[in-house]
Amino acid sequence: MNGFEVQYYFYLALSYLLVRPMVTLLHQMGHFLVLWLIVSKGNIRVFIGTNGIGKAAWNLRLGRVTWSFHPLAFVMRGGICDYDQALNAKQLLLVTIMGPIFSFAVGLGIGSLIFLGIATGPWQALLLLISLLCIIYGFHALFFRYDFIPLGNQRITGNDGQILGWLIRFRSLTDTYLHAVWSFEHDFFADAWLGFEKIIAAGYATKEVYESQSYCAFALKKWDQGLQIHQEMASKHRLEANDLLQLAKFQHAEGDFELAMQTLESGLATAPGNSLCLNEKGYMLALSGELKHAKKELNKAIINEPEFSLAYTNRAWIYIQDENWDAAHEDLQKAAKHDAENVFFHRNWAILHHQMGKNEAAKQSLDSAKLLGLGAKDYESCLAILNQI
């Protein structure tokens, strides 16, 4: 590679680093200009180089607008407009489409200048790069998917294409959906329940909404409503193994052990070796006193998924019942490597520490379990042991 080629590639890379944040800024300006016109209350935050998650490197506040720039903007796409005021469906549609429209308009406008021979000279290559990146950014914003991104107005957002999809599905209840998902992601299940309930009643529910509502029902101990949700979901969608697992939990909570076992078997028939179903089956069998059978199911779950923390935790509970303290200790140590934020994990540690004569450690584990929700109906039988501490 001669000196001219090195210089060429150097300037090409430098041009990309300079253009990349400019293209992101242009796209976000499309969103921001509409927001600035229609959002009369609260703050607006424009992030360049990040999706608002984590701290931005540089911040500039102008009135109620904060501009946040992250160095990653030089090398990769990423940006979002966050705002405090909730938007109705029409406002959200306008804000959403203006990002891609702005990108396409700038990209095609600059491209037209080059095509028509108006833009010539040494800047032509740089303008061509801006044009191409703007157009690519516009398509990327429509078709690339993000995980849910929390906003400051207790809503979630996603990519432009995702938001347009939500508007098509949920129409005038899009804002209700965005708030319900935000509440669900932050464990505010009562609020999430109310939002999803409105969507289902309006006939806009997707399978994802039914599944989220089912989870809320279980967290809120709405056993009857949970069974109704699954009955309605089954009439409109095919139930997968995890759906049948959730249904089995409701049936078991209602005291129908046999039906719950049958439902779990259906789940395993749908997805043989499903670790979640095997774990739940082992857990229910352990509660019914069938410890030997329960351990076999949990062994299968662990073989299929060696990092399944809850399966180790449940098997440790069986070892505790058998007073096999060494095996219980080993399983809890394995569980701790993958997920130590589990009520049953801390409950088992409390019992094990108590049996080992470590009462202070047992008390600490018990306190941790209480903070995470100890006292659930399925574990009332364990409280008698814990109360000895």
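Below: a short report on this structure. Remember, it's a predicted structure, so these values are computed and weren't measured experimentally.

1. Quick word on the overall build of the protein chain
In step 1: What the protein chain contains, in helices and strands, is 17 helices and six strands.
In step 2: For the protein chain, the residues scored as buried account for 45% of the 389 residues in total.
In step 3: Residue pairs at least 24 apart in sequence account for 59% of intrachain contacts in the protein chain once pairs closer than 6 positions are excluded.
In step 4: Total accessible area on the protein chain is roughly 19900 Å²; 59% of this is exposed by carbon and sulfur atoms.

2. What about the pattern of salt bridges?
In step 1: Under the counting rule described, the total for this entry stands at 12 salt bridges.
In step 2: Note that Glu 240 and Arg 238 form a salt bridge whose closest N and O atoms lie 3.1 Å from each other.
In step 3: A salt bridge links Glu 297 to Lys 300; the nearest nitrogen and oxygen atoms lie 3.6 Å apart. Here Lys 300 and Glu 297 lie together in helix α12 (residues 291-304), a separation of three residues that amounts to about one turn.
In step 4: Glu 297 gets classed as buried once you look at its relative accessible area, which sits at 4%.
In step 5: Residues joined by salt bridges that share partners form a network here, namely Glu 265, Lys 281, Glu 297 and Lys 300.

3. Thoughts on the nonpolar core
In step 1: Core analysis: the largest hydrophobic core is formed by 49 residues, its most contacted members being Leu 35, Tyr 177, Phe 196, Ile 199 and Val 209.
In step 2: Ignoring anything within four residues of it in the chain, the contact list for Leu 35 reads Ile 44, Cys 81, Tyr 83, Leu 87 and Val 95.
In step 3: Judged by nonpolar contacts, the second largest core, of 34 residues, contains Leu 245, Leu 268, Ala 328 and Trp 349.

4. Examining the sheet that holds strand β4 (residues 79-83)
In step 1: What the four strands build is an open sheet, ordered β2-β3-β1-β4; its pairing is mixed. The two strands at the open ends of the sheet, each matched to only one other strand, are β2 (58-62) and β4. Ignoring strand direction, the axes of neighbouring strands in this sheet form an average angle of 15°.
In step 2: Here β2 runs beside strand β3 (residues 65-69); their pairing, made up of five bridges, is antiparallel.

Criteria and cut-off values
- What you see as residue numbers is a count from 1 along each chain, following the sequence as written.
- Selection of residues for local features in this predicted model requires a pLDDT of at least 70, selection of side-chain atom pairs for listing and counting requires 80 or more, and totals for whole chains, interfaces and linings are taken over all residues.
- Hydrogen atoms and water are omitted, and side-chain values are computed over all heavy atoms in the structure.
- Each helix is a run of H or I in the DSSP string that is no shorter than four residues. Each strand is a run of E no shorter than two, and both are numbered from the N terminus.
- Burial here depends on accessible area, computed with a 1.4 Å probe over protein chains only, as a share of the maximum for the residue type. Under 20% is buried, over 50% is exposed, and the range in between is partly exposed.
- Between two residues, a contact is recorded if the distance between any of their heavy atoms is within 4.5 Å.
- Here the Shrake-Rupley method, with its probe set to 1.4 Å, supplies the accessible areas, and only the displayed protein chains count as covering residues.
- Any carboxyl oxygen of Asp or Glu that lies within 4 Å of a side-chain nitrogen of Lys or Arg is treated as forming a salt bridge with it.
- Take the buried Ala, Val, Leu, Ile, Met, Phe, Trp, Tyr and Cys residues and link them wherever side-chain atoms come within 4.5 Å; each set so joined is a nonpolar core.
- For two strands to be treated as a pair, DSSP must find at least two bridges joining them.
- With axes taken as lines fitted to C-alpha atoms, and helix axes fitted only over the stretch in contact, angles between N-to-C directions fall between 0 and 180 degrees.

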